[in-house]
Amino acid sequence: QTDKGDPVKIGVFGMIDPELYTKTSPVNVEGLVFEEMSDYAVRSAASLREQGCDLVIALAHCNHPAALAESVSGVDLWIAGHEHISLEEQVTDKAGEKVYVLEAGCYGSKVDVTRLIFTYEKGAAGTYEVSGLTVTPETYQEDQMEAVPSDETVAALFQSLNDAQSEILREKIGETPKKLEAE
């Protein structure tokens, strides 16, 4: 909600790069349909706006998220993953609007706490408009994780997910003589 107590409706949709369909075991994607990402993003953003969303956020597991953001209109913020990079970039979308693209590295090496700051005004016909969106990510490196503000609801959700997966995560599935590390 706004600082005046007015509700803000935020729509979120997610997508995955169709290229990843061929880069995983077929059982991981069995029954899934992969569409062209920019078409899907345009449709999803438009649908969320039609449902009254004031801000639209895309969660995109893809290569080149900034290029994707430039090819689409209607999305205010892109939160990306897959390339294992740190990215905080503002690009111009297809409609000429400035949008933000963020990616927070990989393997939990850092966390971004992102604040959305904007002007929210009641326009004609009683609708609300968001303008002047500014995104301010606060980055916490691995050795600073204790300083990340905690959210009890999110912490409880993660704990329930960890509890549900604990047995399968303990299962030994193989062995290697070399230590496997990612860069």
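So, here's what we can say about the structure.

**With respect to helix α1 (residues 37-50)**
- With 14 residues, α1 ought to run about 20 Å at 1.5 Å a step, and its terminal C-alpha atoms sit 20 Å apart, in line with that.
- Of the positions making up α1, those classed as buried are M37, S38, A41, S44, A45 and L48. Seen from one end, α1 has its buried residues packed into an arc of 130 degrees, which puts them on one side.
- On its buried side, α1 packs onto β1 (10-16), β2 (55-61), α2 (65-70) and β3 (77-81).
- G52, located one to two residues past α1, shows a positive phi value of around 95 degrees.

**Let's talk about a nonpolar patch on the surface**
- On the surface, a cluster of nonpolar side chains totalling about 310 Å² of accessible area is made up of I10, V12, L59 and I79.
- Following the sequence through the fold, I10 ends up in strand β1.

**Considerations on the side chain of D93**
- Along the polypeptide, D93 turns up in the loop between β4 (86-92) and β5 (98-104).
- No salt bridge is formed by the buried D93; its nearest oppositely charged neighbour, R49, is found at 7.6 Å.
- At 2.9 Å, the side chain of D93 and the backbone nitrogen of A95 are in polar contact.

**Some details on the pairing of β5**
- Burial analysis of β5 places five of its seven residues in the buried class, the great majority of the element.
- Here β3 runs beside β5; their pairing, made up of four bridges, is parallel. Bridge pairing links L77 to Y100 in β5.
- In the sheet, β4 pairs with β5 via seven bridges, with the strands oriented antiparallel. Within the sheet, the bridge partner assigned to E89 lies in β5 and is V101.
- A loop of five residues connects β4 with β5, the two strands running antiparallel in sequence, and G96 in this loop sits at a positive phi of about 85 degrees.

**A word on the pattern of salt bridges**
- The full count for this structure, using the stated rule, is three salt bridges.
- Residue E35 is joined to R43 by a salt bridge in which the shortest nitrogen-to-oxygen separation is 2.3 Å.
- We note a salt bridge from E175 to K172, for which the minimum N-O separation is 2.7 Å.
- The exposure class assigned to E175 is exposed, which follows from its relative accessible area of 69%.

**Topic: the side chain of S38**
- Mapped onto the secondary structure, S38 falls in helix α1.
- The contacts of S38, once residues within four sequence positions are left out, are L68, S71 and V72.

**Brief notes about the environment of G105**
- If you trace the backbone, G105 turns up in the loop between β5 and β6 (110-122).
- When the C-alpha atoms of G105 and Q141 are compared, they prove to be 9.9 Å apart, with 36 residues separating the residues in sequence.

Scoring rules and cut-offs
Residues numbered from 1 in each chain as written. Predicted model: local features only at pLDDT ≥ 70, side-chain atom pairs only at ≥ 80, totals over all residues. Heavy atoms only, no water. Helix = DSSP H or I, 4+ residues; strand = E, 2+ residues; numbered from the N terminus. Expected span 1.5 Å × (residues − 1). Buried < 20%, exposed > 50% of the residue type's maximum accessible area, 1.4 Å probe, protein only. Arc of directions from axis to C-beta. Contact = heavy atoms within 4.5 Å. Patch = residues over 30% accessible without salt bridge, like charges linked within 9 Å, V, L, I, M, F, W, Y side chains within 5 Å. Areas by Shrake-Rupley, 256 points an atom, 1.4 Å probe, with all protein chains shown as cover. Salt bridge = Lys/Arg side-chain N within 4 Å of Asp/Glu carboxyl O. Lys, Arg positive; Asp, Glu negative; His and termini not counted. Polar contact = N/O pair within 3.5 Å; in protein donor to acceptor, adjacent residues only side chain to side chain. Pairing = 2+ DSSP bridges.

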